[in-house]
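Single-letter residue listing:
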Amino acid sequence: MNHAKKIATGAALLLAVAGGLALAAAGANGDVELENGKGLSCEMKTYEVEEAFSDIRIEDAECSVRILPAADGACRVCPEKRDGSVYHTVAVSGGELRVQRHDRRRWYQYIGVSLGDGEVEVYLPEGEYGKLAFLSTSGSIRVDGGFRFESARLESTSGDVQMSSEVKEALTAQSTSGSVCVETAALEALTAETVSGSIALSHVRCGEISVKSTSGRIGLTDAIAEAGLRVKSVSGSIALEGCDGGDVRIQTTSGSVEGTLLSDKLFVADSTSGSINVPLSRGAEKCEITTVSGSIAIEIGR
């Protein structure tokens, strides 16, 4: 081994030893508490929220968040309690409830330690609220039923998005690789988008519905858009069950399109190499379906 390699090897060993000693020191001081060598032992911390608010904004890079009705009618936020360098702040300002996650860990606290995703539970009294915003990198969001929001924007890179409460105006649900599931009542506009994650909409009454995915499967059940239904995919399949819209447009490259619509349509269906099976055109509302290599099979279900 030449002199340069000896120096590099020695430096690496010293760095590893220093990291191990620092981690051990942190554990001795109570900053890091190992649990069977797999991660940190955690407990739930409770923030009681007594100030009045209408809007809700949650910013959390990793934790999975669930919004659910409070059985006792009291608002509180319960994140998992980590070591002191990973924590949440909960505050009300300008009529907005804001929940934020802060990660101030040092480099040595990542060595051999997995915090996992973590969880945050937000308990709200049932009723009406203003704007709901959720922004995350890998965390998931689940909103239980029992609420009615003025609008909602739920975004995650790899986490799942699940919405079961009502939205009055616009709902946007987006994830890159996570799935999107929306089960809500009447609203004005709904946008659901993924890259590889699946999309499932059910029991939706909307002015306009826009659904987009690159390779994720798209499934719509009992989804009705009075103004227009737009569904677009590259390679993912598209399935409709009991759906309808004033103007229906479905586009895919290699994915198949199948299912049932509730009313007669003026069908315009085109596929370069796939099979086409649609009802005879009736009525004035248009249904345009295009694909390159995927098959098309649509029926009218009364």
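Residues numbered from 1 in each chain as written. Predicted model: local features only at pLDDT ≥ 70, side-chain atom pairs only at ≥ 80, totals over all residues. Heavy atoms only, no water.

**Things to note about the packing of aromatic side chains**
Test applied: The criterion for an aromatic pair is that two Phe, Tyr or Trp rings (for Trp, the six-membered ring) have centres within 6.5 Å, with stacked assigned to planes under 30 degrees apart, edge-to-face to planes over 60 apart and tilted to the rest. In this text, helices come from DSSP runs of H or I with a minimum length of four residues, and strands from runs of E with a minimum of two, each type numbered from the N-terminal end. Relative accessibility decides the category of a residue: with a 1.4 Å probe and only protein chains considered, values under 20% of the type maximum give buried, values over 50% give exposed, and everything between is partly exposed. For a lysine, the NZ atom is tested; for an arginine, the CZ atom; a charge sits over a ring if that atom is within 6 Å of the ring centre and within 35 degrees of the ring normal.
The final tally for this structure, using the stated rule, is four aromatic pairs. Taking 6.1 Å as the distance between ring centres and 70° as the angle between the ring planes, the aromatic pair formed by Y129 and F147 counts as edge-to-face. On the criterion of sequence distance, the pair formed by Y129 in strand β11 (residues 127-136) and F147 in strand β13 (residues 147-156) is long-range, its members being 18 residues apart. Exposure class is identical for Y129 and F147. Each is buried. Put simply, the rings of F53, Y129, F147 and F149 touch in pairs and so form one group of aromatic residues. Here K45 stacks its cationic end above the ring of Y47, 5.4 Å away from the centre of that ring. When the ring centre of Y123 is taken as reference, the NZ or CZ atom of R76 above it lies at 4.4 Å.

**Observations regarding the pattern of salt bridges**
Note the cut-off: Each salt bridge in this description consists of a side-chain nitrogen of Lys or Arg and a carboxyl oxygen of Asp or Glu lying within 4 Å of one another.
Counting across every chain of the model gives 16 salt bridges. The salt bridge partner of R66 is D144, with a shortest N-O separation of 2.7 Å. With R66 in strand β6 (residues 64-69) and D144 in the loop between β12 (141-143) and β13, this residue pair connects regions lying 78 residues apart in the sequence. Judged by its relative accessible area of 12%, D144 falls in the buried class. Of the charged contacts in the structure, one is a salt bridge between E155 and R153, with a shortest N-O distance of 2.3 Å.

**Let's talk about the nonpolar core**
We apply this condition: Here the nonpolar core consists of buried residues drawn from Ala, Val, Leu, Ile, Met, Phe, Trp, Tyr and Cys, with membership extended through side-chain atoms lying within 4.5 Å. In what follows, a contact means two residues having at least one pair of non-hydrogen atoms within 4.5 Å.
Counting 57 residues, the largest nonpolar core has I67, L124, M163, L190, L201, I209 and L220 as the members making the most contacts within it. When near neighbours in sequence (up to four residues on either side) are disregarded, L190 contacts L171, V182, L201, V204, C206, E208, I209 and S210.

**A short note on the confidence of the model for the chain**
As a reminder of what qualifies: The pLDDT score gives, residue by residue, the confidence of the prediction method on a 0 to 100 scale.
Chain-level statistics for the chain give a pLDDT mean of 86 and a share of 81% at 70 or above. Here residues 3-41 scores under 50 on pLDDT; set against residues more than four positions off or in separate chains, the count is 35 contacts.

**Some remarks on the environment of V248**
As for its position among the elements, V248 is in strand β22 (residues 248-251). Accessibility expressed as a relative area gives 0% for V248, which makes it buried. Considering only alpha carbons, one finds V248 and F267, 19 residues apart in sequence, at a separation of 9.4 Å. In contact with V248, not counting residues within four places along its chain, are L229, K265, K286, C287 and E288.

**Thoughts on the pairing of strand β10 (residues 119-124)**
Looking down a regular strand, the side chains alternate between one sheet face and the other. Quick note on the threshold: Here, a strand pair is defined by DSSP locating no fewer than two bridges between the strands.
Where β6 and β10 come together, six bridges link them in parallel fashion. Paired with L68 across the bridge in β10 is Y123. Relative to β10, strand β7 (residues 76-81) runs antiparallel, the two sharing four bridges. For V77, the partnering residue across the bridge sits in β10 and is V122.

**Some words on the pairing of strand β27 (residues 296-300)**
Alignment of strand β23 (residues 257-261) against β27, held across five bridges, turns out to be parallel. Across the sheet, residue G259 finds its bridge partner in β27, namely I298. Where strand β25 (residues 276-277) meets β27, two bridges bridge the pair, whose relative direction is parallel. Looking at the pairing, I276 lines up with I296 of β27.

**Some thoughts on the state of the cysteines**
Stated precisely, the cut-off is as follows: In what follows, a disulfide is any cysteine sulfur pair within 2.5 Å.
Scanning the model with the defined rule gives zero disulfides in all. Considering cysteine sulfurs only, C75 is the nearest to C78, which forms no disulfide, with 9.5 Å between them. Accessibility expressed as a relative area gives 5% for C78, which makes it buried.

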